[in-house]
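Structural characterization, general
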Amino acid sequence: MTVTIRDAGTGDESGWRDLWAHYLAFYEVTLAPEVTTATWARLMDPASPVKARLAFDAGQMVGFAIHLHHPSTWVLGEDCYLEDLFLSPEARGKGIGKALIDDLIALARSRGWQRLYWHTDEDNATARRLYDRYTASDGHIRYRLKL
């Protein structure tokens, strides 16, 4: 396995959109095309805190970790929220998800961010096996109110 992880760049849009479509299908979510377009624009906007790290296996884009940093009321610095982590089905079980998280941890530390956090569906046993290697669930339940 030859995995490379780097920031998303303008030439990655097509590959990212393909993975994004699979990610949405995995969660059985349909988004308006303009939301996907806006997400990509945010990822490319230097002023946006929303960024993506991309994983490549033998030169093929196989995964992403979309994250954003923000101020916190619980620490002096900033937190990093891992909003979306996805691997193509062919890339699963090869340690690439772990590599993406480890990469994000290193990036967050290098930028002085204080904490990294994320969430997943309760029944996503595959992801939870990976996440539980890093830290136990903190017992919080997420509430989401659509406005």
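In the block above lies the structure referred to throughout.
Notes on the structure in this doc start here. Quick caveat: nothing in here was measured; it's all calculated off a predicted structure.

Procedures and definitions
Residues numbered from 1 in each chain as written. Predicted model: local features only at pLDDT ≥ 70, side-chain atom pairs only at ≥ 80, totals over all residues. Heavy atoms only, no water. Helix = DSSP H or I, 4+ residues; strand = E, 2+ residues; numbered from the N terminus. Expected span 1.5 Å × (residues − 1). Buried < 20%, exposed > 50% of the residue type's maximum accessible area, 1.4 Å probe, protein only. Arc of directions from axis to C-beta. Contact = heavy atoms within 4.5 Å. Axes fitted to C-alpha atoms, helices over the stretch in contact; angles between N-to-C directions. Parallel < 35°, antiparallel > 145°, perpendicular 65-115°, else oblique. Left-handed = near helix turned anticlockwise from the far one by under 90°. Nonpolar A, V, L, I, M, F, W, Y, C, P; charged D, E, K, R; others polar. Core = buried A, V, L, I, M, F, W, Y, C linked by side-chain atoms within 4.5 Å. Salt bridge = Lys/Arg side-chain N within 4 Å of Asp/Glu carboxyl O.

To continue, consider helix α1 (residues 13–26). The terminal C-alpha atoms of α1 lie 20 Å apart, and with 14 residues this matches the ideal 20 Å at 1.5 Å per residue to within 8%. By the burial criterion, the buried members of α1 are Trp16, Leu19, Trp20, Tyr23 and Leu24. Across the axial projection of α1, the buried residues extend over an arc of 140°, all falling on one side. When the buried face of α1 is taken as reference, the exposed residues oriented beyond 90 degrees from it are Ser14 and Ala25. On its buried face, α1 sits against α2 (33–44), β2 (50–57), β3 (60–71) and β4 (78–87). Phi turns positive one or two residues past the end of α1, at Glu28, with a value near 55°.

In this section: the packing of α1 against α2. Where α1 meets α2, the axes come as close as 11 Å, and the angle between the chain directions of the two elements is 130°. Considered as vectors, α1 and α2 are oriented oblique to each other. Crossing handedness for the pair α1 and α2: right-handed. Two secondary-structure elements touch here, α1 through Glu13, Trp16, Arg17, Trp20 and Leu24 and α2 through Thr36, Thr37, Thr39, Trp40 and Leu43. Taken together, the residues of the contact of α1 with α2 break down into five nonpolar, three polar and two charged.

Right, let's get into the nonpolar core. Formed by 20 residues in total, the largest nonpolar core has its most connected members in Ala55, Leu82, Leu85, Ile96, Leu100, Ile101 and Tyr131. Where this core is concerned, the elements lending two or more residues are β3, β4, α3 (96–110) and α4 (125–131). Of all the elements, α3 adds the most residues to this core, at six residues. With sequence-adjacent residues up to four places away left out, Leu85 is seen in contact with Tyr23, Phe64, Ala65, Leu100, Ile101 and Tyr131. In this structure, Ala8, Tyr23, Met61 and Phe64 belong to the second largest nonpolar core, which totals 18 residues.

With that settled, the discussion passes to the pattern of salt bridges. What the rule picks out here adds up to seven salt bridges. Where Arg6 meets Asp12, a salt bridge forms, and the shortest distance between an N and an O atom there is 2.7 Å. Owing to a relative accessible area of 7%, Asp12 belongs among the buried residues under this scheme. In this structure, Asp102 engages Lys98 in a salt bridge whose closest nitrogen and oxygen atoms are separated by 2.7 Å. Remark: Lys98 and Asp102 occur in helix α3; sequence separation between them is four residues, near one turn of the helix. Each of Asp7, Arg53 and Asp103 takes part in one network of salt bridges that share partners.

In short, geometric facts, not functional conclusions.
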